[in-house]
Amino acid sequence: MDERLVETRPSVRPGEAIAVVDGVPVASFRDVVARLRVEYPGVDPAHIEGVVLREWDAFSAGRPLVVPAAVEEGAREILDQSHV
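Procedures and definitions
- Residues numbered from 1 in each chain as written.
- Predicted model: local features only at pLDDT ≥ 70, side-chain atom pairs only at ≥ 80, totals over all residues.
- Heavy atoms only, no water.
- Helix = DSSP H or I, 4+ residues; strand = E, 2+ residues; numbered from the N terminus.
- Contact = heavy atoms within 4.5 Å.
- Areas by Shrake-Rupley, 256 points an atom, 1.4 Å probe, with all protein chains shown as cover.
- Salt bridge = Lys/Arg side-chain N within 4 Å of Asp/Glu carboxyl O.
- Buried < 20%, exposed > 50% of the residue type's maximum accessible area, 1.4 Å probe, protein only.
- Expected span 1.5 Å × (residues − 1).

K.L.:
Looking at this structure, I do not really get the overall build of the protein. What am I missing?
P.N.:
Of the regular secondary structure elements, the protein holds three helices and three strands. Start at the N end of the protein and walk to the C end: the helices and strands fall as β-β-β-α-α-α. Across the protein, the fraction of contacts at a sequence separation of at least 24, relative to all contacts at a separation of at least 6, is 15%. Summing over all exposed atoms, the protein offers an accessible surface of approximately 7,000 Å²; the carbon and sulfur share of this is 58%.

Take a look at the structure:
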């Protein structure tokens, strides 16, 4: 990923993205769930997480927009093994 395509925002309001990656506003899963738990205090937190995961799955439906940095390291280990 080209780091120049990531814009960060120093202050976050509820519902606001914390970064823009490849032109798509993104927020951390934890922060999204936390904001929704505050807005919907009577809803089971596990249900909120499930709803967010289903929405993410429906939205992404394919190639991930971002991956944890450790995914790249894991891929590198596998690729290194295949070149031996």
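Still more ground to cover, so stick around.
K.L.:
Got a minute to help me understand the pattern of salt bridges in this structure?
P.N.:
Any two side chains of opposite charge can pair, on the condition that their charged atoms come close. A complete count under the given rule lists two salt bridges for this structure. Notably, a salt bridge pairs Glu72 with Arg76, separated by 2.9 Å at the nearest N-O pair. Here the residue Glu72 and the residue Arg76 both occupy positions in helix H3 (residues 69–82), the gap between them amounting to four residues, near one helical turn. Residue classification places Glu72 among the partly exposed positions, given a relative accessible area of 46%. Under the relative-accessibility criterion, Arg76 is labelled partly exposed at 36%. Taking the shortest distance from any N to any O, the salt bridge between Glu73 and Arg76 comes out at 2.9 Å. One end of the pair is Glu73 and the other is Arg76, both in helix H3 and three residues apart, which spans about a single turn. What makes Glu73 partly exposed here is its relative accessible area of 44%.

K.L.:
Sorry, what's going on with helix H2 (residues 45–60) here?
P.N.:
Because each turn of an α-helix spans 3.6 residues, side chains separated by three or four positions in sequence point in the same direction. For H2, built from 16 residues, the straight-helix expectation of 22 Å at 1.5 Å per residue is met to within 8% by its first-to-last C-alpha distance of 22 Å. On its buried face, H2 is in contact with helix H1 (29–39). Once H2 ends, the next one or two residues include Ala61, with phi positive near 30°.

K.L.:
I tried to follow unusual backbone geometry on my own but got confused; where do I start?
P.N.:
Phi at Asp22 takes a positive value of approximately 50°, unusual for a residue other than glycine. Along the chain, Asp22 falls in the loop between strand S2 (19–21) and strand S3 (24–26).

K.L.:
What's the story with the environment of Gly50 in this structure? I'm lost.
P.N.:
You can see Gly50 is positioned in helix H2. For Gly50 and Val33, which are 17 residues apart along the polypeptide, the C-alpha to C-alpha distance reads 9.8 Å.

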